[in-house]
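# Examination of the molecular architecture
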Amino acid sequence: MRFLVREAGIRQFLDVGAGLPTADNTHELAQRIAPESRVVYVDNDPLVLVHAEALLAGSPEGACAYVDADVRDPERILAEAARTLDLGRPVALTMLGIMGQISDADRPAELVSALLSALPPGSYLALSDGTDTNEALNRAVEAYNQQSAHTYHLRSPQEIASWFAGLEPVEPGVVPTASWRTDPGDDATEAPDVSVAGVAKKA
Ligand SMILES: C[S@@+](CC[C@H](N)C(=O)[O-])C[C@H]1O[C@@H](n2cnc3c(N)ncnc32)[C@H](O)[C@@H]1O
């Protein structure tokens, strides 16, 4: 978020897979640096919706909206986002920890690309997701998937990196999440081999 707001100058955010509100939500990080930032959160969990509506109030200069929608319906997400964001101006699409919940049958690469295709040049994709690079985690997820209605899909770093195809990579590329421009004082305690993150610009 610091890169997107300070260095890339982005002021509009589409945060798909927002998650339960916590400290330093997307709009708080963005509006702390640029109060005029406009943020649309998207999630399909009713519990997230209730908490988000209660807790996610943006700055008076900016905007903060919440959309109850499924990432597998990009057209609806874009139509709803257009109520708050100017889709003629650059937007940062953030998809942090969501695509692991999407099976191959739902074609995750195409979902990312459908959302991005509606955004103008100068927009960014910031995406992170769990990788299949840790044997203990692989086994745990396999066991979880056998008992859960919602399955999780760990993927190779190469497959996740392929979702950035056609975009201009931002250094250091798609790397272990804890290594993506960690600043001194950041909490980088996550084991480095369980997820990757990357940011890239639409030319
Ligand atoms: C692991 S959380 C990540 C939250 C936040 N982005 C973060 O990085 O802390 C994933 C979120 O994606 C949401 N999600 C899962 N499947 C979804 C779908 N098909 N459509 C929209 N949101 C979904 C979940 O409800 C959950 O809030």
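Residues numbered from 1 in each chain as written. Predicted model: local features only at pLDDT ≥ 70, side-chain atom pairs only at ≥ 80, totals over all residues. Heavy atoms only, no water.

Labelled according to an unreviewed UniProt entry, the protein chain appears under the name S-adenosyl methyltransferase, originating from Streptomyces griseorubens.

### Looking at the overall build of the protein chain
We count it as follows: A run of H or I in DSSP counts as a helix once it spans at least four residues, and a run of E counts as a strand once it spans at least two, with each numbered from the N terminus. Put simply, the radius of gyration uses C-alpha atoms, and a globule should come to 2.2 Å times the residue count raised to 0.38. When accessible area is computed with a 1.4 Å probe and restricted to protein chains, residues below 20% of their type maximum are described as buried, those above 50% as exposed, and intermediate ones as partly exposed. Contact definition: two residues touch when any of their heavy atoms are within 4.5 Å. In short, Shrake-Rupley with a 1.4 Å probe defines the accessible areas, and a residue's cover is counted only from the protein chains shown.
Scanning the protein chain from N- to C-terminus turns up 7 helices and 8 strands. A compact globule built from 203 residues should have a C-alpha radius of gyration of about 17 Å, and the protein chain, at 16 Å, falls within 12% of that. Across the 203 residues that make up the protein chain, the buried fraction comes to 44%. Taking as baseline every contact in the protein chain between residues at least 6 positions apart, the subset at least 24 positions apart corresponds to 73%. Per element, the accessible surface of the protein chain, about 10200 Å² overall, is 51% carbon and sulfur.

### Considering the site of the ligand
Which entries qualify depends on this criterion: We define proximity as follows: a residue is near a molecule or strand when any one of its heavy atoms falls within 4 Å of that partner. Pairs of N or O atoms are called polar contacts if they sit within 3.5 Å, as long as, within protein, a hydrogen donor faces a hydrogen acceptor (for residues adjacent in sequence, only side-chain-to-side-chain pairs). Each residue is assigned to one class: nonpolar for Ala, Val, Leu, Ile, Met, Phe, Trp, Tyr, Cys and Pro, charged for Asp, Glu, Lys and Arg, and polar for all the others, Gly among them.
Around the ligand sit 16 residues, and of these Gly-17, Asp-43, Asp-70, Val-71 and Leu-96 come closest. Between the ligand and the protein, one listed contact pairs an oxygen atom with a side-chain N or O atom of Asp-43 at 2.6 Å. Here Leu-96 contributes a backbone N or O atom positioned 2.8 Å from a nitrogen atom of the ligand. Considering only residue class, the shell around the ligand consists of 7 nonpolar, 5 polar and 4 charged.

### Some details on the packing of helix H4 (residues 74–81) against helix H5 (residues 108–117)
Heads up, the rule is: For helices, the axis comes from a line fit to the C-alpha atoms of the stretch in contact; other axes are also lines fit to C-alpha atoms, and the angle between any two N-to-C directions lies between 0 and 180 degrees. Relative orientations are named as follows: roughly parallel for angles under 35 degrees, roughly antiparallel for angles over 145 degrees, roughly perpendicular for angles from 65 to 115 degrees, and oblique for any other angle. What makes a crossing left-handed is the near helix being turned counterclockwise from the far one by less than a right angle; a clockwise turn instead makes it right-handed.
Where H4 contacts H5, the two axes come as close as 9 Å, and the packing angle between them is 30 degrees. As summarised for this structure, H4 and H5 are arranged roughly parallel, according to the angle between their axes. Pair H4 / H5 crosses with right-handed handedness. Here Pro-74, Ile-77 and Leu-78 of H4 come into contact with H5, specifically with Leu-111, Ala-114 and Leu-115.

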